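Architecture and fold: a report
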Amino acid sequence: MPKITFLPDRRQVLVEENETLLEAIHKAGLYIHSICGGEGTCGRCKVAVKSGRYKTKPSRFISQEEASQGYVLACQTHPESDMEVEIPLESRIEGVYAVEDVALKSELRMYPEICSPISREIQLNLPPPSLEDNISDTDRILRELKREGYEEVKVGLDVTRKLADVLRENEFQVTATLGWEGNGFRVMRVEGTKSRNFGVAVDVGTTTLVAQLVNMSRCQVLGTKATYNKQARYGEDVITRMIHAEKGGLDELHQTVVKDINDLISALCDENGISPEEITAVVCAGNTTMTHLLLRVNPKYIRKEPYIPTFTFPSPVHAGEIGIKVHKEAMLYCLPSVASFVGGDITAGVLASGMAKEERLSMLIDMGTNGEIVFGNSEFLVCCSCSAGPAFEGGGIEFGMRASRGAIQRVEVMPDFEVKVSTVGEVKARGICGSGMIDCLAEFLKSGVINKAGKFNEDIKTDRLRKGSEGLEFVLVWADESAVDRDILLTQPDIDNLIRSKAAVYAGAKVLLDKVGFDFQTVERFYVAGGFGSYLNIEKAIEIGLLPDLPKDRFEYIGNSSLAGARLCLLSEEAFREAMEIAGKMTYIELSVDNAFYEQFISELFLPHTD
Ligand code: FES
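Read on for a plain summary of the structure.

Procedures and definitions
- Residues numbered from 1 in each chain as written.
- Predicted model: local features only at pLDDT ≥ 70, side-chain atom pairs only at ≥ 80, totals over all residues.
- Heavy atoms only, no water.
- Helix = DSSP H or I, 4+ residues; strand = E, 2+ residues; numbered from the N terminus.
- Rg over C-alpha atoms; globule rule 2.2 N^0.38 Å.
- Buried < 20%, exposed > 50% of the residue type's maximum accessible area, 1.4 Å probe, protein only.
- Contact = heavy atoms within 4.5 Å.
- Lys, Arg positive; Asp, Glu negative; His and termini not counted.
- Charge placed at Lys NZ, Arg CZ, Asp CG, Glu CD.
- Pairing = 2+ DSSP bridges.
- Axes fitted to C-alpha atoms, helices over the stretch in contact; angles between N-to-C directions.
- Core = buried A, V, L, I, M, F, W, Y, C linked by side-chain atoms within 4.5 Å.
- Domains from an automatic or database assignment.

**Brief notes about the overall build of the protein chain**
Along its length, the protein chain carries 14 helices and 29 strands. By the compact-globule yardstick of 25 Å for 611 residues, the protein chain fits well, its C-alpha radius of gyration being 26 Å. Here the protein chain holds 611 residues, and 61% of them are scored as buried. In the protein chain, 67% of the contacts between residues at least 6 apart in sequence involve partners at least 24 apart. If the 67 positive side-chain charges of the protein chain are averaged to one point and the 90 negative ones to another, these points end up 2 Å apart.

What follows is the structure, encoded as structure tokens:
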């Protein structure tokens, strides 16, 4: 069996005959980009072979120059001897990285008194039993809880087993922790002293998972951690993962996301000096496919016409039942979805933006891979998904990446075509994230680097514009100034991808409004959500036609609204009930088979628009 050594980690694994380098990388516990799930069609799994024999298929993603330096696609390469293989920085999926949390003003505005946590502590001063008052210990607890306003309450067997001693040891002065179960409460623990009560909100994104630790008694956020969704090793978009689940990979996908969540929880606990046992509730917001995978339900019919999910309103489950390591009685709640391609993350976004409580007409645009849009107010809500593609999240873009350390997030092109960039963390550039790409398109258009059709202008005089293996390309950062020792650039196919994404979002929003007889002018507030990090230049998004040309003060960038909605539900049972109402009220409009959408999309393939 050939032994593969991966550099720079020097991790070693043995590979079976027929195994690819990509499979070997997974075996070694390393993570690299593999958007297409190993089909050889995304070009993201590039590695550099330093020594050894191998068989590889030629690929359009590997230029002649790269091939001469030993670059291959890991998924298309079979080792034939021991090898040394370097995984370049731009192919790696990093571990946990810090995300900046965008304060959600509307959340605070709409929920000034949000603290009625989904699992809460109640102080009980019980009268000790006597011959006259001789009901059972359990009934004594339930009677007192009823006086406090809790009618529907169950007591678990584990609590019952310890109850008699706990009550007597503490002279019937105890604290009960109640967990909401959707249609009532359950006593999760009874203790003598007031114990600590924490919860975790999780944004279960296709690309990134973000978890936030919350002190439930004080309604206080203690910390936030994020990690790339390691399911990406089975494909970076939901369709590839559904196919993997259908081919027998459901358990792998489920266990991978559960492990990611457990790792985040454990990191948050370590940092804050608490035990996972003190976490009494977990609220997750994810798209419909991710929610299915989290609960280990096969999502295979979601991608097949007529696109039916197995569920939209999942019941709360014991977190331990699906492998989440917190208090053994803790419940896990998933926000309800609307349809196959409008999930609990969007319900969370609508909740957090507050648009469902307002009279004024608002639109929520979530720039995730699906590109979901919701329009309405307290009276009605309509929504759609517009298959924007992962370009603004870095997918399908040669140097695309999420808004993490080293991502170019601001770009300015000077009159002489020199370029100024700034990166997340103000470090050397590693790639370019969504906000940087929006800046690029706007700056390229303004300075004449590209024309209205998004094609590079060959006549401009600068060595930054040159011919590459995929046509013209424009260098943003030269290799000696980058962190990856390669020129960081945008290619013509990158620009085409970005324009398709922006066209899909704008066309989706426009057609959604048309369907219900409104236009952009009638929308008083736009909430723009997405993983752009802390920065999104609204003006530039308008200049490229991603957002409608309206006064800037109508737009509010609300960052990760999925996490904000999950946090609200954690801290407020009322907010969770409202989330269920929102999901039940949203009317889904299917655009994938809609001619009007297709026509609008075609006319949006220009900067900013056809007219
Ligand atoms: S090309 Fe190798 S994973 Fe996509």
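Having seen it, we continue.
**A closer look at the sheet that holds strand 5 (residues 71-73)**
A sheet is described by the order of its strands in space; here five strands give the open sequence 2-1-7-3-5, paired in mixed fashion. The open sheet has two free edges, formed respectively by strand 2 (11-14) and strand 5, since each of these has just one partner strand. Each neighbouring strand pair of the sheet contributes to a mean axis angle of 35°, computed without reference to strand direction. Both strand 3 (residues 46-51) and strand 7 (residues 83-86) contribute to a ladder of three bridges, which runs antiparallel. If you follow Val-49 over to strand 7, its bridge partner there is Val-85.

**Quick look at the nonpolar core**
Counting 73 residues, the largest nonpolar core has Met-363, Phe-444, Val-449, Phe-456, Leu-476, Leu-546 and Leu-547 as its most contacted members. Among the elements that make up this core, the one with the highest residue count is helix 10 (residues 492-515) (twelve residues). Taken domain by domain, the makeup of this core includes at least three residues from each of domain 4 (354-390 + 499-603) and domain 5 (397-495). If we skip the residues at most four places from it in the chain, Phe-444 touches Val-413, Val-449, Ile-450, Phe-456, Phe-474, Leu-476, Leu-490 and Ile-495. Of all hydrophobic cores here, the second largest spans 60 residues; its members include Leu-364, Cys-383, Leu-571 and Ala-579.

**Topic: the pairing of strand 25 (residues 471-477)**
Counted residue by residue, strand 25 has six buried out of seven residues, so it is predominantly covered. Where strand 24 (residues 465-468) lies against strand 25, four bridges are found, and the strand directions are antiparallel. Within the sheet, the bridge partner assigned to Gly-468 lies in strand 25 and is Gly-471. Connecting the antiparallel pair strand 24 and strand 25 is a turn made up of two residues. Two strands pair when backbone bridges link them, and strand 25 and strand 26 (residues 488-491) are joined in this way by four bridges, in the antiparallel orientation. Counted as the bridge partner of Phe-474 is Leu-490 from strand 26.

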